[in-house]
Amino acid sequence: MYLDEYKRWMAADLEDADLNPELARIEGNDEEIKDRFAVSLKFGTAGLRGVLGAGTNRMNIYVVRQATQGLANWVKTQGGNQTVAISYDSRLKSDVFAKTAAGVLAANGINVRIYDALMPVPALSFATRYYNCNAGVMVTASHNPAKYNGYKAYWSDGAQLGPEQADAVSAEIAKTDIFDGVLYAEGDFERALESGMIELLGDETDEAFLEQVLRQPINPSVVAEAADELRVVYTPLYGTGYKLVPEAMRRLGMKHIVTVDEQMTPCGDFSTTPFPNPELPEVFEHAIRLANECDADFIIGNDPDADRTGVMIRGADGQFITLTGNQIGAMLLDYIITASRECGRLSEHAFAVKTIVSTDMVTEICRRNGVQLYDVLTGFKFIGKVVSDYEERTGRSADEDFLLGFEESNGYARGTFLRDKDAVTATVLLCEMAAYYHTKGKTVYQALLDMYDRYGLYVERTSNVYMEGIDGTERMRALMERLRSKPPKTVGGSEVIGIRDYLTGRTVDLRTGAESGTGCPESNVLYYILEGDNKVVIRPSGTEPKIKIYYLFHTESGDMA
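Read on for a plain summary of the structure. Every chain's residues receive numbers from 1 upward, in the order its sequence appears when written. Note on the predicted model: pLDDT of at least 70 is required for a residue's local features to be given, and 80 or more for side-chain atom pairs to be given and counted; whole-chain, interface and lining totals, by contrast, use all residues. The side-chain figures draw on all heavy atoms in the structure; neither hydrogens nor water molecules are used.

So, the pairing of strand E12 (residues 351-355)
For E12, a buried count of five out of five residues is recorded, marking the element as mostly surrounded by other parts of the structure. Residue exposure (1.4 Å probe, protein chains only): buried if accessible area is under 20% of the type maximum, exposed if over 50%, otherwise partly exposed. Numbered from the N terminus, helices here are DSSP runs of H or I no shorter than four residues, and strands are runs of E no shorter than two. Side chains Phe351, Val353 and Thr355 of E12 all project onto a buried face; the interleaved residues Ala352 and Lys354 project onto the opposite face, where all are buried too. By the convention used here, strands pair only if DSSP detects at least 2 bridges between them. Two elements, E12 and strand E13 (residues 372-376), share five bridges in a ladder whose sense is parallel. Directly across from Val353, in E13, lies its bridge partner Tyr374. Taken together, E12, helix H14 (residues 361-369) and E13 form a β-α-β motif whose crossover is right-handed. The handedness of a crossover follows from its direction of travel: if, with the strands pointing away from the viewer, the path from the first strand over the helix to the second runs clockwise, the crossover is right-handed.

Remarks on the sheet that holds strand E9 (residues 298-302)
Within the open sheet, the five strands sit side by side as E8-E7-E9-E10-E11. Their pairing is mixed. A single partner strand is all that each edge strand has here, and the edge strands are strand E8 (256-259) and strand E11 (320-323). For this sheet the average axis-to-axis angle between neighbouring strands, irrespective of direction, equals 25 degrees. Any two residues whose heavy atoms approach within 4.5 Å are treated as being in contact. Axes, fitted as lines to C-alpha atoms, cover a helix only where it is in contact. Angles between the N-to-C directions of the axes lie from 0 to 180 degrees. Seen against the sheet, helix H16 (residues 423-439) touches E9 and strand E10 (309-314) and runs at an angle of roughly 170 degrees to E9.

As for empty space enclosed by the protein
Residues are said to line a cavity or pocket when one of their atoms sits within 4 Å of a point; the points come from a 1 Å grid over protein atoms alone, cavities being sets where a 1.4 Å probe fits but cannot get out and pockets being open sets with protein on both sides within 12 Å along at least five of seven lines. Grid points are joined across faces, edges and corners, and a volume is the space filled by probe spheres set on the points. Scanning the entire structure with this criterion turns up two cavities of 30 Å³ or more. Quantified by volume, the largest cavity comes out at close to 40 Å³. Forming the boundary of the largest cavity are Phe380, Ile383, Gly384, Val387, Phe402, Ala413, Gly415, Leu418 and Arg419. For the lining of the largest cavity, the element with the highest residue contribution is helix H15 (residues 380-394), accounting for four residues. Only Asp, Glu, Lys and Arg are considered charged in this grouping, and only Ala, Val, Leu, Ile, Met, Phe, Trp, Tyr, Cys and Pro are considered nonpolar; every other residue, Gly among them, is considered polar. Looking at the lining of the largest cavity residue by residue, the classes come out as six nonpolar, two polar and one charged. Looking at the second largest cavity, its volume works out to about 40 Å³. Together, Asn326, Gln327, Ala330, Thr359, Met361, Leu448, Met451, Tyr452, Tyr458 and Glu460 line the second largest cavity. Elements with a contribution of two residues or more to the lining of the second largest cavity: helix H13 (325-342), helix H17 (444-455) and strand E16 (457-466). Its residues placed into classes, the lining of the second largest cavity shows six nonpolar, three polar and one charged.

Here we look at the nonpolar core
Ranked by size, the top nonpolar core spans 105 residues in total, and within it Met254, Phe298, Met331, Leu333 and Tyr335 carry the most contacts. Considering each element in turn, this core owes the most residues, eleven residues, to H16. Discounting chain neighbours no more than four positions away, the residues touching Tyr335 are Ile218, Asn219, Val222, Glu432, Met433, Tyr436 and Tyr437. The nonpolar core is taken to be a set of buried Ala, Val, Leu, Ile, Met, Phe, Trp, Tyr and Cys residues, with the residues joined through side-chain atoms within 4.5 Å. The next biggest cluster of nonpolar side chains, apart from the first, holds 49 residues, and it includes Leu41, Val63, Ala72 and Ala106.

A word on the environment of Ala426
Relative to the helices and strands, Ala426 resides in helix H16. On the accessibility criterion, Ala426 (2% relative accessible area) is buried. Separated by 13 residues in the primary sequence, Ala426 and Ala413 place their C-alpha atoms 6.7 Å from one another. Those residues in contact with Ala426 that sit more than four places away from it in its chain are Thr309 and Tyr412.

Side note on the packing of aromatic side chains
Ring pairs are drawn from Phe, Tyr and Trp, using the six-membered ring of Trp, whenever the two centres fall within 6.5 Å, and their geometry is named by plane angle: stacked under 30 degrees, edge-to-face over 60, tilted for the rest. Scanning the model with the defined rule gives 20 aromatic pairs in all. Centre to centre, the rings of Phe351 and Tyr374 are 5.6 Å apart; their planes meet at 90 degrees, and the pair counts as edge-to-face. Placement of the pair is Phe351 in strand E12 and Tyr374 in strand E13, with a sequence separation of 23 residues. Taken together, Tyr6, Trp9, Phe37, Tyr62 and Phe179 form an aromatic cluster joined through their ring pairs. Directly above the ring of Tyr527 sits Arg500, whose terminal nitrogen or CZ lies 4.3 Å from the centroid. For a lysine, the NZ atom is tested; for an arginine, the CZ atom; a charge sits over a ring if that atom is within 6 Å of the ring centre and within 35 degrees of the ring normal.

Here's the deal with unusual backbone geometry
Located in the positive-phi region is Ser142, a residue other than glycine, with phi close to 55 degrees. Structurally, Ser142 can be placed in the loop between strand E4 (135-139) and strand E5 (148-155). Even without glycine at this site, Leu237 takes up a positive phi of about 50 degrees. Inspection of the secondary structure assignment puts Leu237 in the loop between strand E7 (231-235) and helix H11 (241-252). What makes Leu237 buried here is its relative accessible area of 0%.

Rendered as structure tokens:
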């Protein structure tokens, strides 16, 4: 069957000239043909993500058209404005894919608001809400290597599609022939732009977004107090943060912002950062060199679509160390609570949201400060849903009550103006936090140690088991099934005393046999509770061919010096 599909592509009059040589090159190579055509890229809650190239199992204009036709079919059932917002990042072909998606939507009679230049994920989430759109599309593969691209779909609330919406769109995609089932003709984008069905978003939308970002700081006066001395190095890692992030820092009042010039121009090759993930210390090699030259206090970096935020700070010896996503989230929340209380702005209904694989230090921070904490499944759409549900349940805005949402993979959000990870706001808050501690005579590192002294020492680690290839999904499924049928009795020498299975919705206390629910929707996640207040969580990644294993450890001792 995959050979027939390959032959159909070979016979087609393909518009993308890059695809024909690839198809010709693999002729007669069954393994290569099978890899590209035996399956299709799976559309899920994270949309599509795959290697650029020819075939149904690759990212190309035909897969984008098919996915967009499926999205259009679903949007047409939703009523409302019949409008979709679109943005794209700096990756190879992102602009082409974004315009392709806009053309398909317009051909289906759906209005489009598309940014006139590459813009971050948070800007897309904001625009989807700001213009009351039915849906949004962000063309990005986040922090993946340069050979990848992807397609994230958003619902009207500005969050990525939930499981039900993703399943509905996926069903429409499955019914759509990749060539003949799409309403699209060459030149549709230009014609729709001329007719007004496609509208470009520019400075006015940027200003509205930045206005909301700059409402999130708690006490900006500390920045004015510290700005003459505080220095930050910033890198967008060749991505969409290049424009809005430095501008937001300047408007906050930061005076000494030093940018990594060779990484400031958007580029999909990521030449100095082959894996542009700000969680990894190696991507900051150029930033560290520059920070040492200019005696900067800290470094901030974003991934190409500017939804993740990485931070490096000077340790006790003056050398730069990488903060983990968990440390950043815990420090931000602790600061937000502290500053809000000092300013008399800590709401009696204050709440925060984290994912189940994120640090339990946040649980303790919230407990001690009387802040409600919600634990949700991995994926920022679930964090956004808590905020939306809160507003629906209480009948009031969550602006004053929602302190922070975060996940361990360096994603943070504050405010109700969007529903996804927001590196622009996170960067502003980190600058404010650093300025606050500077006015107290502390470095960020000293503030981190103080936090461990107060709340205990929490340490988290993540490991990955890659299962690539067309059978990767099946191998991941089989591994998870084996773990369910034969659960481990010990992990790393520690006894397993409880198991939380989010697929079955059951939590079992192995010491007493007592059972309860998980409090979360169904998901393929296994959560092992170990003796000594430690945990191990295992789940398949939603965006990459790997099993992710999270280790969460805790001890009362906070001595890290």
